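Below are the chains, spelled out letter by letter.
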2 protein chains.
Amino acid sequence: MILTVTLNAAVDVTYQVDELVPHGSHRVLHTTERAGGKGVNVSRVLAALGHDTVVTGLVGGAAGEQFRAELRAAGLADQLLPIAGETRRTVTVASRADGDATVFNQAGPDVSRQEWDAFTALFTQLARDAEVVVLAGSLPPGLLSDSYAELTHLARAAGASTLLDTSGPALRDALSAAPDLVKPNAAELLEVTGCRDIPGAAGQLRAMGARAIVASQGPEGLSAYTVREIWQARPPELVWGNPTGAGDACVAALAVGMAEGSSWPDRLRDAVALSAAAVLAPIAGDFDADAYHRFQPDVILEQFHASGCH
Amino acid sequence: MILTVTLNAAVDVTYQVDELVPHGSHRVLHTTERAGGKGVNVSRVLAALGHDTVVTGLVGGAAGEQFRAELRAAGLADQLLPIAGETRRTVTVASRADGDATVFNQAGPDVSRQEWDAFTALFTQLARDAEVVVLAGSLPPGLLSDSYAELTHLARAAGASTLLDTSGPALRDALSAAPDLVKPNAAELLEVTGCRDIPGAAGQLRAMGARAIVASQGPEGLSAYTVREIWQARPPELVWGNPTGAGDACVAALAVGMAEGSSWPDRLRDAVALSAAAVLAPIAGDFDADAYHRFQPDVILEQFHASGCH
């Protein structure tokens, strides 16, 4: 089983309007609401691929109830811990005029010390049944920036591998716990290390504790820095569509690779093909299954020598 | 008791951001959520003035639960009918940089024929205990545009006076039921009649069935067109602040005047003073009580002859 952790759950709301006019009053033409967060999107992709997955994390209030109901409707098993604070919403205003989106992200609820202790107890139990634990997304304001380090230690003690996808202090302060795989995107990787190039930043992240790094680089694919190998993987063709959720699809594929112990070339082929297939689907957590199978054998792989890394 | 009707209830959400950047991603600095809608705001003002008021209307889903919880917390008596559709949210993005607001209004839930029948039965019962019924705000998409006409007839049969504050087809198609008082703002009045001046439009509205009209004209105050009299009422000073909710305060004062059978000059003095005091309060449904009492004796009243109306 692959356990995904969503500490800062969100109900993702999309408002379609004719055109966004600052200071204007807008009639919302169409509203969609969906349980969101990176961890949930990873579980959606895993479930669609036929893998056993459980969603855990923290939810509260009316938005939390809505979040759980939506997961149930999507057929996802949930072991979320109820908390007193209200689950946040993110509002995306999609403009018909130019197809562009404007996003408003709430910070998320406070989490008490007691709630965090209850969560780590639940997590420890769930991690015992998991081959891989995916720690993904931002932390709510109430949690310490080393919360992912604590979960990484607990997962290891429970016998599960860890895959971390976050940014900023939450990423930096998790590295000392030596997560098995870290998947930042290129911008997050450069930002957290202060380096100017991907190989240098990956070296730095490894020095800080990460056992392996896969950096996503949008349409250019992935760079993987493992203990002994460096790989570059590119999609066979440029795809156009909705890049939201491509990172989550990438994480889902890498988590499957870790759970099944497959080779790095196989993992990367899967991750690149699934990311590109997610770009072709309009909603985060979905992917174009035909495109995935079509792209997978044709992903372009290149191996570099470790000495190329500064 | 003054009964307020909110058929298209809304949870009003305000997001404070640094600056609204179209196509940007925004961190929400502060979120407030509040049960909204014109009827609810009128009841808030009535309750603050010490008047007996009951909120009725339609609510549904998680947002509907939140709406009711917020009314309870505000000490407002609610006799809302639960429906299957989800209560809407309105999102206001307030920018710290320029203090300006950008608004996104969802349309509201569908309402079935059965739900509407259940509501009219509940409404008839509640109207029997009311001196005045306030019908305020937009209609949800599922309701016919003559829904306020139906409620006006039912209120009259139950022995209650009616005060209508809405716009567009919901206003136009209510007039044949001869509501006792209609309170459009100037723009709504001109829009619904197609007239170019307020006196002409008020005459037209009376010809369509309205027994009396009070047109609100922002900082310029109110114009009242009663069966025999025409009045203009202006605040003693120009006030700066948040005009949202000034119309609801005006309606609350007019409803009290109707319930107590006070004279038109007294009603208008109250309505102008309370509207101006609402402009000084940051949130719709609130008002500055000191300013209200200070403004009230100094409201400027002028009477015109009915022949001045085209």
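Data block above holds the structure.
Description of the structure in this document. Residue indices begin from 1 for each chain and proceed along its sequence in written order. Each chain takes a letter, starting from A, and each ligand takes a number, starting from 1, following the order in which they are written. With the structure being a predicted model, the display of local features is reserved for residues of pLDDT at least 70 and the display and counting of side-chain atom pairs for 80 or more, all residues being used for whole-chain, interface and lining totals. Where side-chain values are given, they derive from all heavy atoms of the structure, hydrogens and water being excluded.

### Observations concerning the overall build of chain A
Helix numbering and strand numbering both begin at the N terminus, where a helix is a DSSP run of H or I of at least 4 residues and a strand a DSSP run of E of at least 2. Scanning chain A from terminus to terminus reveals 10 helices and 15 strands. For this measure, only C-alpha atoms enter the radius of gyration; the expected value for a globule follows 2.2 Å times N^0.38, where N is the number of residues. At 19 Å, chain A has a C-alpha radius of gyration in line with the 19 Å of a compact globule built from 310 residues. Expressed along its principal axes, the backbone C-alpha trace of chain A runs to roughly 55 × 45 × 40 Å. Relative to its full complement of 310 residues, chain A shows a buried share of 56%. Between two residues, a contact is recorded if the distance between any of their heavy atoms is within 4.5 Å. For chain A, long-range pairs separated by at least 24 residues make up 66% of all intrachain contacts whose partners lie at least 6 apart in sequence. Computed by Shrake-Rupley with a 1.4 Å probe, the accessible areas treat only the displayed protein chains as cover when residues are assessed. On chain A, roughly 12600 Å² of surface is accessible, and the fraction owed to carbon and sulfur atoms is 49%. Note that His is not counted, nor are the chain ends; the positive residues are Lys and Arg, and the negative ones are Asp and Glu. Every charge is mapped to an atom, namely NZ of Lys, CZ of Arg, CG of Asp or CD of Glu. Taken together, the 22 basic and 36 acidic charged side chains of chain A have centroids lying 3 Å from each other. Burial status follows relative accessibility: with a 1.4 Å probe on protein chains alone, a residue under 20% of its type maximum counts as buried, one over 50% as exposed, and anything between as partly exposed.

### Details of the relation of the copies chain B and chain A
In this comparison the copies share one frame, found by least squares on the C-alpha atoms of residues holding pLDDT of at least 70 in both. Once chain B is rotated about the relating axis by 180° and shifted along it by 0.0 Å, it coincides with chain A to within an RMSD of 0.0 Å. In the structure described here, the two chain copies are related by an operation that fits a two-fold rotation axis. Closest approach to the rotation axis within chain B is made by the C-alpha atom of Ala62 of chain B, at a distance of 2.8 Å. When you check the interface residues of chain B against chain A, 100% turn up at the interface there too, and the contact is symmetric in its surfaces.

### Quick notes on the environment of Thr102 of chain B
Structurally, the position occupied by Thr102 of chain B is in strand β8 (residues 101-105). According to the relative accessible area criterion, Thr102 of chain B is buried, its value standing at 1%. Residues Thr102 of chain B and Ala69 of chain B, spaced 33 residues apart in sequence, show a C-alpha to C-alpha distance of 26 Å. Look past the residues within four positions of Thr102 of chain B in its chain and what remains in contact with it is Leu20, Val21, Pro22, His23, Gly24 and His26 of chain A together with Leu20, Val91, Thr92 and Val93 of chain B. A polar side-chain atom of Thr102 of chain B sits 2.7 Å from the main-chain amide nitrogen of His23 of chain A. Throughout this description, a polar contact denotes any pair of N or O atoms lying within 3.5 Å of each other; where both atoms belong to protein, one of them has to be capable of donating a hydrogen while the other can accept it, and for residues adjacent in sequence the pair is counted only when both atoms sit in side chains.

### With respect to the sheet that holds strand β3 (residues 25-27) of chain A
Two strands qualify as a pair provided that DSSP identifies no fewer than 2 bridges between them. The strand order β3(A)-β8(B)-β7(B)-β2(B)-β4(B) describes an open sheet built from 5 strands, whose pairing is mixed. Here the strands that pair on one side only, and so sit at the sheet edges, are β3 of chain A together with β4 (30-36) of chain B. Put simply, the sheet's adjacent strands are angled 15° from each other on average, direction ignored. In this description, a line fitted to the C-alpha atoms serves as the axis of each element, helices being fitted only across the stretch in contact, and the angle between N-to-C directions of two axes falls anywhere from 0 to 180 degrees. Those strands touched by helix α2 (residues 61-73) of chain B are β2 (10-17), β4 and β7 (88-95) of chain B, and its axis lies near 85° from that of β4 of chain B.

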